[in-house]
Amino acid sequence: MKSFTTRSLNIPYAKKDPHNALAMPIYESVAFEFASAEDIAANFRGELPAHTYSRTSNPTVEYFETKVKTLTSAHQVLALSSGMAAISATMMAICKQGDNIISGKNLFGHTLALFEQSLSAYGLETRFVDTTKTELIEPLIDENTRAIYFETVTNPQLEIADISRLAEIANKHNILLIADSTVTPPSVFSSKSLGVQVEVMSTTKFISGGATAVGGLVIDNGLYDWSKNPNCLKFAEKFGKDAFIARLRKNYYRNFGMPMTAHTANYMIAGLDILELRVERCYQNCMKLGEYFRPNSKVTRVDYPGLEDSPYYELAKQQFNGVPGSVMTFDLKSQEECFKFMNRLKIIRRATNLNDNKSLIIHPYSTIYTEFSENDRLEMGIRPTMMRLSVGIEGADDLIADMEQALGE
Ligand SMILES: *Cc1c(COP(=O)(O)O)cnc(C)c1O
């Protein structure tokens, strides 16, 4: 198969451009015209597929979806306004009041808030579990369980679950396996080959091409029989294999108003073309930083699942081609030392995002997790001595020099 980048650069448009434009135009148009009253009636009956209104679909957004679909060999792809829109719409599309899902306990903060606060108000229960201990999962499954949900590499704990094992459990019980693969983008991770049925992703992070726009994706790998989910049964009878994305697009994307805009899609399209290059550079930088700062007298701990001494090194190799994203953690002797170090940095920026082109650092204990009790933080693996570094594409030597000078004498 041709390389990710070669394929990304050569995915044809749905219609030939009248000016032979090499870049996909940004269709900043809300509505689309029909040739006749008969045609528009046929479209509304579902017999003449065409773009009608950009809250439901748009040609530039469709091209981004087509690129992702081709690059991942997925069955169907939907691009939404944010990663959180992708996750919330997915959950609403597969569950109703009284249903439950089983979720990894170490989650992106707003996903945790969505499950614990937003969806619980509509009668959807989340049962949290350590997904690296797969034997704990089956006892939690009952007849109202609709899915197992997990993140491919948890942040900032950097834990990795055995995905094929999770898929086996989900298949045995006819429930979905849903992966949030934000930190392991499609140039290094094929969710389909490991049996993940639905993939959700924040394209805000790696895919946007360097923190340019907020967006999300839902990917249906085509591995699940949608008639097995009672909430998708009616759509399965009408749309067959397309049931899930059809239900998502109509009942949530359209009715709740979650579309990606054409302008955002333009950033995402450009971001996909350089994704493989950027991820590779970030990975090389992680490895160089990891090797240079191997625990020494000042740095008491370095975590990155790409490093051989990580307990997740083998799983990272098997599941992500050895490239488990570009988030690392570093520990110093105390919180004070961390603050002093961060304040001296000149190239690495103090910010909370991930997978920007710029390297970003944060002290999770005093920021993202500040509202949690001391006990909860320690239980979640959030140490006061730990900093999270999202490694960018700067020169590795420049990053090392910046960290060296910030560590002080
Ligand atoms: C950022 C992030 C999200 C949310 O994405 P937004 O685009 O900010 O809505 C979800 N999951 C993970 C793992 C993330 O890092």
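Since the structure is predicted, the reported quantities are computational estimates derived from the model, not experimental observations.

## Description of the overall build of the protein chain
Right, so step 1: Within the protein chain, the secondary structure is distributed over 14 helices and 12 strands.
Right, so step 2: Here the C-alpha atoms of the protein chain give a radius of gyration of 22 Å, agreeing with the 22 Å that 2.2 N^0.38 yields for 409 residues.
Right, so step 3: Over its C-alpha atoms, taken along the principal directions, the protein chain stretches across nearly 80 × 55 × 40 Å.
Right, so step 4: Counting all 409 residues of the protein chain, 55% fall into the buried class.
Right, so step 5: Excluding contacts between residues fewer than 6 apart, the proportion of contacts in the protein chain whose partners are at least 24 apart in sequence is 71%.
Right, so step 6: Counting every atom, the protein chain has about 18300 Å² of accessible surface; 52% of that belongs to carbon and sulfur.
Right, so step 7: Taken together, the 42 basic and 48 acidic charged side chains of the protein chain have centroids lying 3 Å from each other.

## Some words on the packing of aromatic side chains
Right, so step 1: Across all of its chains, the model carries 10 aromatic pairs by this definition.
Right, so step 2: Relative to Phe 244, the ring of Trp 226 lies with its centre 4.5 Å away and its plane at 10 degrees, an arrangement referred to as stacked. Of this pair, Trp 226 sits in the loop between β7 (216-220) and α7 (233-239) while Phe 244 is found in helix α8 (residues 243-257), placing the two residues 18 residues apart along the sequence. We note that Trp 226, like Phe 244, is buried.
Right, so step 3: Between the aromatic rings of Tyr 292 and Phe 293, the centroid separation amounts to 4.9 Å while the plane-to-plane angle is 70 degrees, which identifies the pairing as edge-to-face.
Right, so step 4: Across the ring face of Tyr 253, the terminal group of Arg 249 is positioned such that the distance to the ring centre comes to 5.5 Å.

## With respect to the site of the ligand
Right, so step 1: Around the ligand, the surrounding shell holds 13 residues, and the nearest of these are Gly 83, Asp 180, Ser 202, Thr 204 and Lys 205.
Right, so step 2: Within the complex, the protein chains bury 89% of what would otherwise be the 380 Å² of accessible surface of the ligand.
Right, so step 3: The leading source of residues in the shell around the ligand is helix α4 (residues 83-94), at three residues.

## Comments concerning the domain arrangement of the protein chain
Right, so step 1: Under the domain assignment, the protein chain is made up of domain 1 (4-271) and domain 2 (276-407).
Right, so step 2: Taken over C-alpha atoms, the centre of domain 1 sits 29 Å from the centre of domain 2.
Right, so step 3: Taken together, the 32 residues of domain 1 in the interface contact 32 residues of domain 2.
Right, so step 4: Here domain 1 and domain 2 share an interface that buries about 2600 Å² over both sides, 62% of which is from carbon and sulfur atoms.
Right, so step 5: When the area that domain 1 buries against domain 2 is broken down by residue, the three leading residues are Leu 158, Ile 160 and Phe 206, summing to 26%.
Right, so step 6: Counting every contact that joins domain 1 to domain 2 gives zero salt bridges.

## A look at the packing of α4 against helix α5 (residues 109-118)
Right, so step 1: Axis separation between α4 and α5 bottoms out at 11 Å; the angle between their running directions is 30 degrees. On the basis of the axis angle, α4 is roughly parallel to α5. As α4 packs across α5, the resulting crossing turns out to be right-handed. Contacts between α4 and α5 involve Met 84, Ile 87, Ser 88 and Met 91 on the former and, on the latter, His 110, Thr 111, Leu 114 and Phe 115.
Right, so step 2: Of the residues contributing to the contact of α4 with α5, the split by class is five nonpolar, three polar and no charged.

## Considerations on helix α3 (residues 59-72)
Right, so step 1: The end-to-end C-alpha distance of α3, which contains 14 residues, comes to 20 Å, matching closely the 20 Å that a straight helix rising 1.5 Å per residue would cover.
Right, so step 2: Counting buried residues in α3 gives 10 out of 14 residues, a clear majority hidden from the surface.
Right, so step 3: Residues of α3 that are buried include every one of Pro 59, Thr 60, Val 61, Tyr 63, Phe 64, Glu 65, Lys 67, Val 68, Leu 71 and Thr 72, and no others.
Right, so step 4: Buried-residue contacts for α3 involve α1 (4-9), β1 (76-80), β7, α8 and α9 (262-273).
Right, so step 5: Positive backbone phi, approximately 55 degrees, marks Ser 73, located one or two places after α3.

## Section: the side chain of Arg 278
Right, so step 1: Along the chain, the position of Arg 278 falls in helix α10 (residues 275-292).
Right, so step 2: No salt bridge is formed by the buried Arg 278; its nearest oppositely charged neighbour, Asp 356, is found at 6.6 Å.
Right, so step 3: The residues contacting Arg 278, other than those within four sequence positions of it, are Phe 206, Gly 209, Gly 210, Gly 271, Asn 355, Asn 357 and Ile 393.

## Focus: the side chain of Thr 131
Right, so step 1: Mapped onto the secondary structure, Thr 131 falls in the loop between β3 (125-129) and β4 (145-151).
Right, so step 2: Thr 131 sits in the buried class, given a relative accessible area of 10%.
Right, so step 3: Discounting residues that sit within four places of it in the chain, Thr 131 has contacts with Gly 104, Ile 137, Tyr 149, Phe 150, Ala 161 and Leu 166.

## Section: the sheet that holds strand β6 (residues 198-202)
What links the strands of a sheet is backbone hydrogen bonding, and the strands pair in either a parallel or an antiparallel sense.
Right, so step 1: Across the sheet, which stays open at both edges, the seven strands sit in the order β1-β7-β6-β5-β4-β2-β3 with mixed pairing between neighbours. Each edge of the open sheet is held by one strand with a lone partner, namely β1 and β3. Across the sheet, the mean angle from the axis of one strand to that of its neighbour is 20 degrees, orientation sign disregarded.
Right, so step 2: In this structure, strand β2 (residues 100-104) lies alongside β4, joined through four bridges in parallel fashion. Opposite Ile 101, over in β4, you have Ala 147 as the bridge partner.
Right, so step 3: Docked against the sheet, α4 engages β1, β2, β4, β5 (176-180), β6 and β7, running at close to 150 degrees with respect to β6.
Right, so step 4: Against the sheet, α8 makes contact with β1, β6 and β7, and its axis sits at roughly 20 degrees relative to β1, the strand it touches most.

Conventions we followed
Residues numbered from 1 in each chain as written. Predicted model: local features only at pLDDT ≥ 70, side-chain atom pairs only at ≥ 80, totals over all residues. Heavy atoms only, no water. Helix = DSSP H or I, 4+ residues; strand = E, 2+ residues; numbered from the N terminus. Rg over C-alpha atoms; globule rule 2.2 N^0.38 Å. Buried < 20%, exposed > 50% of the residue type's maximum accessible area, 1.4 Å probe, protein only. Contact = heavy atoms within 4.5 Å. Areas by Shrake-Rupley, 256 points an atom, 1.4 Å probe, with all protein chains shown as cover. Lys, Arg positive; Asp, Glu negative; His and termini not counted. Charge placed at Lys NZ, Arg CZ, Asp CG, Glu CD. Phe/Tyr/Trp six-rings, centres within 6.5 Å; stacked < 30°, edge-to-face > 60°. Lys NZ or Arg CZ within 6 Å of the ring centre and 35° of its normal. Near = heavy atom within 4 Å. Domains from an automatic or database assignment. Buried area = accessible area lost by both parts, 1.4 Å probe. Salt bridge = Lys/Arg side-chain N within 4 Å of Asp/Glu carboxyl O. Axes fitted to C-alpha atoms, helices over the stretch in contact; angles between N-to-C directions. Parallel < 35°, antiparallel > 145°, perpendicular 65-115°, else oblique. Left-handed = near helix turned anticlockwise from the far one by under 90°. Nonpolar A, V, L, I, M, F, W, Y, C, P; charged D, E, K, R; others polar. Expected span 1.5 Å × (residues − 1). Pairing = 2+ DSSP bridges.

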